[in-house]
Amino acid sequence: MFKEWRDHFLFLVNEWGMEGPSIARYAGVETMTYIGDTVAIEIECEMRERRVFVLIVKLEEGQLPEDYYVSNGEVVRLHLPKLLSLCAGGSPRDYVSRHADLESQAQDYAGLLKTYADCVHRSEMWMRNV
């Protein structure tokens, strides 16, 4: 699935200096992961729901945390709409793609990552407030 629209996220490597993507598949979910110095970006494609989800991940000693949303008592993963609502204001719904097709959803989320890059780069601060 990612081959068709991974170009939308090339800026994560070319401009943000992240490594990746690595791709994993498990139980109807494909995940494309880019790793930076302190955070990772996970783009999940949920095939059953036909939805794309983008998660911002706080790395633990440069590695993805073993636990999913909370690790060692701290929030380590936030969905992009939740992060943007904390950082830029509004409701998380304001940042959810309304498109039905997966490529348009991916394109919307890539645009949000670019527009709100500062929020994403400072995501550790926002995760402490969840």
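See the structure shown above.
Every value quoted in this text rests on a predicted model; they were computed, and no experiment measured them.

K.L.:
Please explain the pairing of strand β4 (residues 51–58) as it appears in this structure.
P.N.:
Working note: regular strand, side chains alternate between the two faces of the sheet. Counting buried positions along β4 yields 7 of 8 residues, so the element is predominantly enclosed. Here strand β3 (residues 39–46) pairs with β4 via 8 bridges, running antiparallel. Bridge assignment links Val39 to a residue of β4, and that residue is Lys58. Hairpin geometry of β3 and β4 is characterised by an intervening segment of 4 residues between the two adjacent antiparallel strands and by a positive phi of about 55° at Arg50. Taken together, the 3 bridges between β4 and strand β7 (residues 77–79) define a ladder with antiparallel strand orientation. Within β7, the residue paired with Leu55 across the bridge is His79.

K.L.:
Before we go on, may I ask you to explain the sheet that holds β7 in this structure?
P.N.:
In a beta sheet, neighbouring strands are held together by backbone hydrogen bonds and run either parallel or antiparallel to one another. What the 5 strands build is an open sheet, ordered β1-β2-β3-β4-β7; its pairing is antiparallel. Strand pairing shows two members of the sheet lacking a second neighbour, β1 (19–26) and β7, which therefore form its edges. This sheet shows a mean twist of 25° between the axes of neighbouring strands, independent of strand direction. Of the pairings in the sheet, the one linking strand β2 (residues 29–35) to β3 comprises 7 bridges and is antiparallel in character. The residue of β3 that forms the bridge with Met32 is Ile43. Along the sheet, helix α3 (residues 80–88) makes contact with β4 and β7, crossing β7 at roughly 85°. Most of the contacts of helix α4 (residues 102–115) go to β4, to which it runs at about 30°, and overall it touches β3 and β4.

K.L.:
Can you help me understand the pattern of salt bridges in this one?
P.N.:
Tallied over the full model, the rule gives 5 salt bridges. Across the pair Glu74 and Lys58 runs a salt bridge, and its minimum N-O distance is 2.7 Å. In this pair, Glu74 is assigned in strand β6 (residues 74–75) and Lys58 in strand β4, connecting sequence segments 16 residues apart. The buried category is assigned to Lys58, whose relative accessible area is 16%.

K.L.:
Before we go on, may I ask you to explain unusual backbone geometry in this structure?
P.N.:
With glycine set apart, most residues show a phi of negative sign, and most peptide bonds adopt trans. Following Gly20, the chain continues into Pro21 via a peptide bond in cis, with omega recorded as 5°. As for its placement among the helices and strands, Pro21 is situated in strand β1. Of note in the backbone geometry, Glu61 takes a positive phi value of approximately 50° without being a glycine. Topologically, Glu61 is positioned in the loop between β4 and β5 (70–71). Notably, Asn72 is not glycine yet its phi reads approximately 55°, a positive angle. Mapping Asn72 onto the fold places it in the loop between β5 and β6.

What counts and what doesn't
- Residues numbered from 1 in each chain as written.
- Predicted model: local features only at pLDDT ≥ 70, side-chain atom pairs only at ≥ 80, totals over all residues.
- Heavy atoms only, no water.
- Buried < 20%, exposed > 50% of the residue type's maximum accessible area, 1.4 Å probe, protein only.
- Helix = DSSP H or I, 4+ residues; strand = E, 2+ residues; numbered from the N terminus.
- Pairing = 2+ DSSP bridges.
- Axes fitted to C-alpha atoms, helices over the stretch in contact; angles between N-to-C directions.
- Contact = heavy atoms within 4.5 Å.
- Salt bridge = Lys/Arg side-chain N within 4 Å of Asp/Glu carboxyl O.

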